[in-house]
Amino acid sequence: MERRKRATFQAKPYIGIQKEETSSQIKKEYTYNIEKYGCPIRVHYKSPFKPTIEVYLGLKYLGVVHANYIIWEEHRRTDFFYNTTMEQVGCLREAQTWESMLSHSVNYKHIGDAWGPENYRSCYETPGLIRNMHRSYEILNSSNSVFITWPTDHTGIYLFTVKVLDSNYSFCKLTAHFAVDTYGVVNRGQKASAKGKEAGNGSGRKKDDSKQLQQSPLTLEAMSKLLDDKYDLKNSTLEVLLKEIKSRLGALKRESEK
């Protein structure tokens, strides 16, 4: 499922709150510029995600970016994943990743400076080292099969920056910012509480049913029906005996109605 986010390059000093919920119910809060990142895009934790980047010249819409791009989380969160490997996308050599780019870049001041159009190298151009092709492919494109997936044990708000990698697409440094708010994870405490309530309700119903049975008198008609249901009247000995019992029950009923 794709989510659209308009590229924007201006920011004002508005403050929002980033909340991170974990399976241990510990909550962390950060401040962030809500004008810069916008209102968070709500995404269910089971839904794959890929932003669709659109380019505007002022207010004039220029189109969707079809070039390769990368994203990173401003607080260095690593609890999101890529659904496709280098081998699955058909790379001829190991593709660049955030791990490899950060390990080879020593003079960057910000994480976004470590990887960009100036040092981007496609994995499709020339064959090369193919030792670790099972690793995730971290370069997104509007037409490829790469999506972001989310953890299944907690939710949170992610502050992403996106940067266009292809130097042939534009001479400008094209970046944009957006936030994602994942939801839908039920933590262990909530599951236990829900099961406890169900068990409690079930126990209460059983007690109520038992109480009603104890308080309900067994009528003569009910006793007669019970005998019919419980015993096989085709048995001749039982048949005579049960007829006698039912006859006496009928007499008792008539006696009680006088």
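Please refer to the structure placed before this passage.
What counts and what doesn't
Residues numbered from 1 in each chain as written. Predicted model: local features only at pLDDT ≥ 70, side-chain atom pairs only at ≥ 80, totals over all residues. Heavy atoms only, no water. Pairing = 2+ DSSP bridges. Helix = DSSP H or I, 4+ residues; strand = E, 2+ residues; numbered from the N terminus. Core = buried A, V, L, I, M, F, W, Y, C linked by side-chain atoms within 4.5 Å. Buried < 20%, exposed > 50% of the residue type's maximum accessible area, 1.4 Å probe, protein only. Contact = heavy atoms within 4.5 Å. Salt bridge = Lys/Arg side-chain N within 4 Å of Asp/Glu carboxyl O.

In this structure, strand β5 (residues 50-57) lies alongside strand β6 (residues 60-64), joined through four bridges in antiparallel fashion. Looking at β6, one finds that Glu 54 is bridged to Val 64. Where β5 folds back on β6, the antiparallel hairpin that results is connected by two residues, among which Gly 58 adopts a positive phi of roughly 70 degrees.

Counting 41 residues, the largest nonpolar core has Ile 71, Tyr 82, Cys 91, Trp 115, Tyr 137, Trp 150 and Phe 160 as the members making the most contacts within it. Every element with two or more residues in this core is listed here: β4 (41-44), β5, β7 (69-73), α2 (98-104), β10 (155-164) and β11 (175-183). For Trp 150, the contacting residues outside a window of four places in its chain are Val 43, His 44, Tyr 45, Ser 47, Phe 49, Phe 80, Phe 81, Tyr 158, Phe 160, Val 180 and Thr 182. If you look at the next biggest cluster of nonpolar residues, it comprises five residues, including Tyr 32, Ile 157, Leu 159 and Ala 179.

Our next topic: the environment of Pro 127. Mapped onto the elements, Pro 127 comes out in the loop between α2 and β9 (148-149). Exposure remark for Pro 127: the relative accessible area of 66% places this residue in the exposed category. Contact partners of Pro 127, with chain neighbours within four places excluded, come to Leu 92 and Arg 93.

This next bit is on the environment of Val 164. By secondary structure assignment, the location of Val 164 is in strand β10. Counting along the chain gives 111 residues from Val 164 to Ile 53, while the straight-line C-alpha distance between them is 9.5 Å.

Applying the stated criterion across every chain, the model contains three salt bridges. The partner of Asp 181 in a salt bridge is Arg 42, with the nearest N and O atoms 3.2 Å apart. Highlighted residues: Asp 181 in strand β11 and Arg 42 in strand β4, separated in sequence by 139 residues. Salt-bridge contacts for Arg 77 lead to Asp 79; the nearest nitrogen and oxygen are separated by 2.6 Å. On the accessibility criterion, Asp 79 (17% relative accessible area) is buried.

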